[in-house]
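One-letter residues, chain by chain:
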Amino acid sequence: MRLLPRPSRLLGPVSPATAGGLLDLCALDPVAGVSLAGQLRRWPAWGSGDVVALGRAASPDGGAWTTGSLLPFGLAARPALGHAGASSAQVRALAEHARRRLTRNGSVYGPVEDVEPVWSELVGLGLAGREERWTQPVLVAPHLPGGLARAALDRRPAMRWAAAVLHAATGEEAPLVLPASVAMFHAELGYDPTACGGAYARHVSWLVGARRTYVVLDDGEGRAPLPGGPRRVAFKADVGALWQAPRGGVAQLTGVWTREDLRGQGLGSVALAAVVDAVRAEHVGPGGTVSLYVNDYNTAALGLYRGLGFERAGTYATILL
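The text that follows walks through the structure, step by step, so that each part is easy to find. None of the values given here were measured: they were computed from a predicted structure. Note that residues are indexed from 1 along each chain, following the sequence as it is written. Note on the predicted model: pLDDT of at least 70 is required for a residue's local features to be given, and 80 or more for side-chain atom pairs to be given and counted; whole-chain, interface and lining totals, by contrast, use all residues. Side-chain metrics rest on all non-hydrogen atoms present in the structure, leaving aside hydrogens and water.

## Observations regarding the side chain of Ser107
Quick reminder of the rule: Under the scheme used here, helices are H or I runs from DSSP no shorter than 4 residues and strands are E runs no shorter than 2 residues, and both carry numbers assigned from the N terminus. Residues are treated as being in contact if the distance between any of their heavy atoms lies within 4.5 Å.
With respect to the secondary-structure elements, Ser107 resides in strand 5 (residues 107-111). Once residues lying within four places of it in the same chain are set aside, the contact partners of Ser107 are Gly68, Ser69, Leu70, Leu102, Thr318, Ile319, Leu320 and Leu321.

Written out as structure tokens, the structure is:
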């Protein structure tokens, strides 16, 4: 299927076999590009038009995932990286293509400099957002001798049990993970994702099956669970995007959540530090990059991340539809 007349070279579909150019584009800034690159690497196949390149697929001026939600990358110029960005006509073509594919409760998200131009065009096409979050700091975890958890435990030794029991959730633990994931999602986005069908539950199951959901289970009272005793999810975090980029592995954490009755005790700090160490050990390598993004109004989370030594590496934006 040709999306636009061939002579325009504005926009064209990308298949898994021709995705190398988009991955090269993401590699210019792996921390910012991991969301799109992780999507391309996750799926072995997708429909024609689900992924598009602006310009030539082999050397794109920008690109995007365009099914349900819109995830653009490379639309803005990045002179320091030798990238000229997309033209206004290309951005307009992307908006026209994506407008037909965006769904209720979808989103437009990615680097703020890439979201802003295409969102402006989408607004011109009559699209309205439920909420606009324009300042979401992208933060990168530090590399510390002995690991991040060791440093966190120096400040919170009473939480040693949490670091000890943190692990990648197993399939039999999936029924415990889903309610915690729903609670996190509802607090973040304002609605129950399971009310829209089974897609969210399948996504949670996939993350668990891929060993990309990390949990701390407790006895329901903030203590390590006893064998055969009650267990609840006290903390969770997902590896939402993962990519073995040319210069090393990159992971983006999402869904970071501490059960409400345990907040403010240091559990989240120690558990997140242990997640960073585990993701480096199991997914991206000891020199790999572990990042996340957070809403600028979430002062508690920002304080936690800064206390662990996370440093800012950019800004994301998310438009909730």
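## So, the pattern of salt bridges
Rules: When a carboxyl oxygen of Asp or Glu is within 4 Å of a side-chain nitrogen of Lys or Arg, the pair counts as a salt bridge. Exposure classes here rest on a 1.4 Å probe applied to the protein chains alone. A residue is buried below 20% of its type maximum, exposed above 50%, and partly exposed in between.
Summed over all chains, the structure comprises 12 salt bridges. Linking Glu131 and Arg133 is a salt bridge whose minimum nitrogen-to-oxygen distance equals 3.0 Å. With a shortest N-O distance of 2.7 Å, Arg259 and Asp261 are connected by a salt bridge. Take Arg259: its relative accessible area is 4%, and that puts it in the buried class.

## What to know about the nonpolar core
Counted only if it meets this: We call a set of buried residues a nonpolar core when its members are Ala, Val, Leu, Ile, Met, Phe, Trp, Tyr or Cys and they connect through side-chain atoms within 4.5 Å of each other.
Leu166, Val216, Val279 and Phe310 are the most contacted members of the largest nonpolar core, which totals 40 residues. At the level of secondary structure, the elements contributing two or more residues to this core comprise helix 5 (148-155), helix 6 (160-165), strand 8 (213-218), strand 9 (232-245), strand 10 (248-258), helix 9 (267-284), strand 11 (289-293) and helix 10 (299-307). Element by element, the count of residues in this core is highest for helix 9, at 11 residues. The contact partners of Phe310, leaving out residues within four places of it in the chain, are Leu139, Val140, Ala141, Pro142, Leu148, Leu272, Val276, Val290, Leu292 and Tyr305. Formed by 27 residues, the second largest nonpolar core is a distinct cluster that contains Ala32, Leu40, Leu71 and Phe73.

## Digging into the pairing of strand 12 (residues 311-320)
Threshold: For two strands to be treated as a pair, DSSP must find no fewer than two bridges joining them.
Bridging between strand 5 and strand 12 involves 5 bridges; their strand directions are antiparallel. From the neighbouring strand, Tyr109 faces strand 12, where its bridge partner is Thr318. By the bridge criterion, 8 bridges tie strand 6 (residues 131-140) to strand 12 in an arrangement that is antiparallel. Along strand 12, the bridge assignment pairs Arg133 with Thr318.

## What to know about the environment of Gly55
Tracing the backbone shows Gly55 in the loop between strand 2 (51-54) and strand 3 (62-67). For Gly55, a relative accessible area of 14% corresponds to the buried category. Each C-alpha atom of the pair Gly55 and Ala86 lies 8.2 Å from the other, and the pair is 31 residues apart in sequence. Excluding anything up to four places from it in sequence, Gly55 contacts Arg9, Leu10, Asp61 and Gln90.

## Some remarks on helix 2 (residues 30-42)
As a reminder, the rule being used: Working definition for bend: take the seven residues up to and ending at a residue and the seven starting at it, fit an axis to each, and measure the angle between the axes.
At Leu36, helix 2 shows its largest kink, close to 40°. Burial runs high along helix 2: 11 of the 13 residues are buried. Buried within helix 2 we find Pro30, Val31, Ala32, Gly33, Val34, Ser35, Leu36, Ala37, Gly38, Gln39 and Leu40.

## Comments concerning the pairing of strand 11
As defined by bridge partners, strand 6 adjoins strand 11 across 3 bridges and the pair is classed as antiparallel. Bridge pairing links Val140 to Ser291 in strand 11. The sheet contact formed by strand 10 and strand 11 spans 4 bridges and is parallel. By the bridge assignment for strand 11, Gln252 is matched with Ser291.

## Concerning unusual backbone geometry
With a phi close to 70°, Asn105 is a non-glycine residue in the positive phi region. For Arg211, which is not a glycine, the phi torsion comes out positive at approximately 60°. Within the fold, Arg211 resides in the loop between helix 8 (199-209) and strand 8.

## So, the side chain of Gln252
Turning to its location among the elements, Gln252 is positioned in strand 10. Beyond its immediate stretch of four places on either side in the chain, Gln252 contacts Val34, Ser35, Asp238, Val239, Gly240, Ala241, Ser291, Leu292, Tyr293 and Tyr316.

## Points about the environment of His203
Within the secondary structure layout, His203 lies in helix 8. On a C-alpha basis, the gap between His203 and His167 in space is 19 Å, while along the polypeptide they are 36 residues apart.

## Focus: the packing of aromatic side chains
Which entries qualify depends on this criterion: Note on aromatic pairs: the rings of Phe, Tyr and Trp (six-membered ring only in Trp) are paired at centre separations within 6.5 Å, and the planes decide the class, stacked below 30 degrees, edge-to-face beyond 60, tilted for the rest.
All told, the structure shown has 5 aromatic pairs when counted by the stated rule. Here the aromatic rings of Trp46 and Trp65 are separated by 5.9 Å at their centres, their planes lie at 70°, and the arrangement is edge-to-face. Note that Trp46 is positioned in the loop between helix 2 and strand 2 and Trp65 in strand 3, a separation of 19 residues in sequence. Look at Trp65 and you get buried, because its relative accessible area is 9%. Between the aromatic rings of Phe185 and Tyr200, the centroid separation amounts to 5.0 Å while the plane-to-plane angle is 65°, which identifies the pairing as edge-to-face. With Phe185 in helix 7 (residues 174-189) and Tyr200 in helix 8, this residue pair connects regions lying 15 residues apart in the sequence. In this structure, Phe185 and Tyr200 share a single accessibility class: buried.

Shape is all these values report; function is a separate question.
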